[in-house]
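Breakdown of the fold
Next come the chains, spelled out residue by residue.
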Protein chains: 2
Amino acid sequence: MSTLGDLKTFAITNTLRSCKLFTGLPQTDLANIAAVTVVKSLEKGDYLFHEGDAASGFYVIQRGAVNIHRVTATGKEQVIHVFRTGDSFAEVALAAPTGYPADARALENSQVLLVQKDGILALLKRQPELALRMLGSMSSHLRVLVGQIEDLTVKDVETRLANWLVKRCPNPQSDAPVKIELTTNKRVLAAELGTVSETFSRTLAKFRGLKLIAVKGKTLTVLSPAKLRALLKRNLGE
Amino acid sequence: MSTLGDLKTFAITNTLRSCKLFTGLPQTDLANIAAVTVVKSLEKGDYLFHEGDAASGFYVIQRGAVNIHRVTATGKEQVIHVFRTGDSFAEVALAAPTGYPADARALENSQVLLVQKDGILALLKRQPELALRMLGSMSSHLRVLVGQIEDLTVKDVETRLANWLVKRCPNPQSDAPVKIELTTNKRVLAAELGTVSETFSRTLAKFRGLKLIAVKGKTLTVLSPAKLRALLKRNLGE
DNA sequence: CGGGTTCCTTGACTTGAATCAAATAAATAC
DNA sequence: GTATTTATTTGATTCAAGTCAAGGAACCCG
């Protein structure tokens, strides 16, 4: 049982509340979840878990970024998704078979909450509302993966990059330049887009040549979101 | 309310029981689910739903096969998964946002059960055990998708086909030939493997040349599962 | 500042697989 | 059975993108 008012519990419930999975839950529920939760600190590059590891629970990111990926026999890394502050992931842990299906590594110094499997399962049995939320969360992961399968197989790198950039423009119809600060190095971003750094670099160069973007170090500037969006539509629509 | 002993309900509960999602549930639970379930018959080629359609529930296949896919702007179809008798799919319907994320089409004449969203949600609220099963089911779909992302991006067609064939050999270490009957035409199978019929055909031809398989109409014979497995390992391991 | 990483970019080359085109083969209808 | 459509195979061509190689740029650290 958690002691109400306990300082650590309080800090954890605050983080939990900021996670979409748990927003709006009554304080008592949050405290119950906090009671089965432990905080983990990760240095950049640390592995949180590996494919096949016994799944001890699922995670909520308090601060930082975690890269979920698979490593092939040839050592290549296929990025499945990058989760950031407030995201939850690895809900798959709650169901048998209990091994994680992929690797997870911190892309920067991060702090995550591990919501322990046994504890949360017991809670879920008592609180169907929570179970439905977990269903919702997993369903949104499924949607992302379905989208990604299409992305990776159907679109070329140029289209994927255009899409990625447009998604980051607050108002893609406008002509006002938008600055985008890269939070990772370009090799990691290339991997997120399902390609390698060379191809990524060439595609950036192409866009630069088309005066669609400007690149200065880790700052990308979309010169005209509207034009970029037009290119994207052209690529998709034909 | 369903009348217990009602013939239709009885038929439905029998199907439900054969679905992994529901096996072992007590008869009363099954009857409750049956009460919110409707049977749908599909002709080969019929669409069950399209991407973006309001999701009225999830499905259990009683007989036949359903192809889940996305259609791109260029009209190309990317197969996400093929579900068969006893499988459940589109559990994603239970969570908002309510549109289906892909298209579903019958690959052959089929009969499916639609477990209606509203009804099952009400049940889930009362029966957390059921909610946990749904979590399990979605989590296994997640695992499949994660595997597929790796498949599609990392492996070449030869490796994907070898993998597909080996999976269908009861004992892949053995040297005893295995017959595999195709349940669809080769274009559909090619799409499942993330390629087109021409490339699929060439890859079959290659395997035939290597005496790994024999092809006669819709019957593939793996001449030596062990040899095929060796090729697969070679492709993956280097 | 100078040497050592690590990261990024560019060029040259290679290749797996899609596309286009055309020739069978198989299935279905009339 | 013959016609017609649909599937499958094969050949030739093209292309996106990965790999290999080499030069810069940026960053770190003493």
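Just so we're clear, the structure is a prediction, and the values are computed from it rather than from any experiment. (Residues numbered from 1 in each chain as written. Chains lettered and ligands numbered in written order. Predicted model: local features only at pLDDT ≥ 70, side-chain atom pairs only at ≥ 80, totals over all residues. Heavy atoms only, no water.)

A closer look at the confidence of the model for chain A
Residues and elements named next belong to chain A. To be explicit about the condition: Values of pLDDT, ranging from 0 to 100, describe the predictor's confidence in every residue of the model. Note on conventions: DSSP H or I runs of at least 4 residues are helices, E runs of at least 2 residues are strands, and numbering of each starts at the N terminus.
For chain A, per-residue confidence averages 88 on the pLDDT scale, and 95% of positions sit at 70 or higher. Mean pLDDT values over the elements of chain A span from 78, in helix H1 (residues 7-17), up to 96, in helix H7 (residues 197-209). Complex prediction metrics read pTM 0.82 and ipTM 0.80.

Describing the protein's contact with DNA strand C
The cut-off we apply is this: We call a residue near a molecule or strand whenever a single non-hydrogen atom of that residue lies within 4 Å of it. Identification of polar contacts relies on pairs of N or O atoms within 3.5 Å, with a donor-acceptor requirement for protein atoms, meaning one able to donate a hydrogen and the other able to accept it, and with residues adjacent in sequence counted only if both atoms are side-chain atoms. Polar here means any residue outside two lists: the nonpolar Ala, Val, Leu, Ile, Met, Phe, Trp, Tyr, Cys and Pro, and the charged Asp, Glu, Lys and Arg; Gly therefore counts as polar.
Close to DNA strand C lie 16 residues; Arg202(A), Asp156(B), Val157(B), Thr195(B) and Thr199(B) are nearest. Of what DNA strand C places within 4 Å of the protein, 64% of the atoms are sugar or phosphate. Contact between DNA strand C and Lys186(A): a phosphate oxygen at 3.0 Å from a main-chain N or O atom of the residue. Interatomic distance of 2.9 Å between a side-chain N/O atom of Arg202(B) and a base oxygen of DNA strand C. When contributions to the surface near DNA strand C are tallied by element, the ones reaching two or more residues are helix H6 (186-192) and H7 of chain A together with helix H7 (197-209) of chain B. With four residues, the single largest contributor to the surface near DNA strand C is H7(A). Tallied by class, the residues present in the surface near DNA strand C amount to three nonpolar, five polar and eight charged.

Describing the relation of the copies chain B and chain A
For the record, the criterion: When the copies are overlaid, the least-squares fit takes in C-alpha atoms only where the residue has pLDDT of at least 70 in both copies.
Once turned by 180 degrees and shifted 0.0 Å along the axis, chain B lies on chain A with an RMSD of 0.1 Å. Taken together, the turn and the small shift mark the pair as related by a two-fold rotation axis. Residue Pro128(B), judged by its C-alpha, is the member of chain B lying nearest the rotation axis, at 2.6 Å.

A word on the pattern of salt bridges
Here the idea is simple: oppositely charged side chains can pair when their charged atoms come close. Residues and elements named next belong to chain A. This is how it is decided: Salt bridge, as used here, is a side-chain nitrogen of Lys or Arg placed within 4 Å of a carboxyl oxygen of Asp or Glu. Partly exposed describes any residue whose relative accessible area lies between the buried limit of under 20% and the exposed limit of over 50%, with all areas from a 1.4 Å probe on protein chains only and scaled to the type maximum.
Enumeration according to the criterion identifies seven salt bridges over all chains in this entry. For Glu192, the salt bridge goes to Arg84, with nearest N and O atoms at 3.9 Å. In this pair, Glu192 sits in helix H6 while Arg84 sits in strand E5 (residues 77-84), placing the two residues 108 residues apart along the sequence. The exposure class of Glu192 is partly exposed, given its relative accessible area of 24%. When its relative accessible area of 29% is taken as the criterion, Arg84 is described as partly exposed. For Glu129, the salt bridge identified is with Arg133, shortest N-O distance 3.2 Å. On the criterion of helical spacing, the pair formed by Glu129 and Arg133 is a turn pair, its members being four residues apart in helix H4 (residues 128-154). You can call Glu129 partly exposed: its relative accessible area is 40%.

Things to note about the pairing of strand E9 (residues 178-181) of chain B
All names here are of chain B. Counted only if it meets this: Strand pairing is assigned whenever DSSP identifies at least 2 bridges connecting the two strands.
Of the two faces of E9, only one is covered, namely that formed by Val178 and Ile180; the face formed by Lys179 and Glu181 stays uncovered. In this sheet, strand E11 (residues 219-222) lies alongside E9 in antiparallel orientation, the contact comprising four bridges. Pairing of Val178 across the sheet is with Val222, part of E11.

Comments concerning the sheet that holds E11(B)
All names here are of chain B. Where we set the bar: Here the axes come from fitting lines to C-alpha atoms, over the contacting stretch only for helices, and the angles between their N-to-C directions go from 0 to 180 degrees.
Taking strand neighbours across the sheet as the criterion, the three strands line up as E9-E11-E10 in an open arrangement whose pairing is antiparallel. Looking along the sheet, the strands with just one partner apiece sit at the ends: E9 and strand E10 (213-216). Adjacent strand axes in the sheet meet at a mean angle of 20 degrees when their direction is disregarded.

What to know about the protein's contact with DNA strand D
Around DNA strand D, a shell composed of 16 residues is seen, among which Asp156(A), Val157(A), Thr195(A), Thr199(A) and Arg202(B) lie nearest. Taking Lys186(B), its main chain carries an N or O atom lying 3.0 Å from a phosphate oxygen of DNA strand D. Mapped by element, the contributors of at least two residues to the surface near DNA strand D are H7 of chain A together with helix H6 (186-192) and H7 of chain B. The element that contributes the greatest number of residues to the surface near DNA strand D is H7(B), accounting for four residues.

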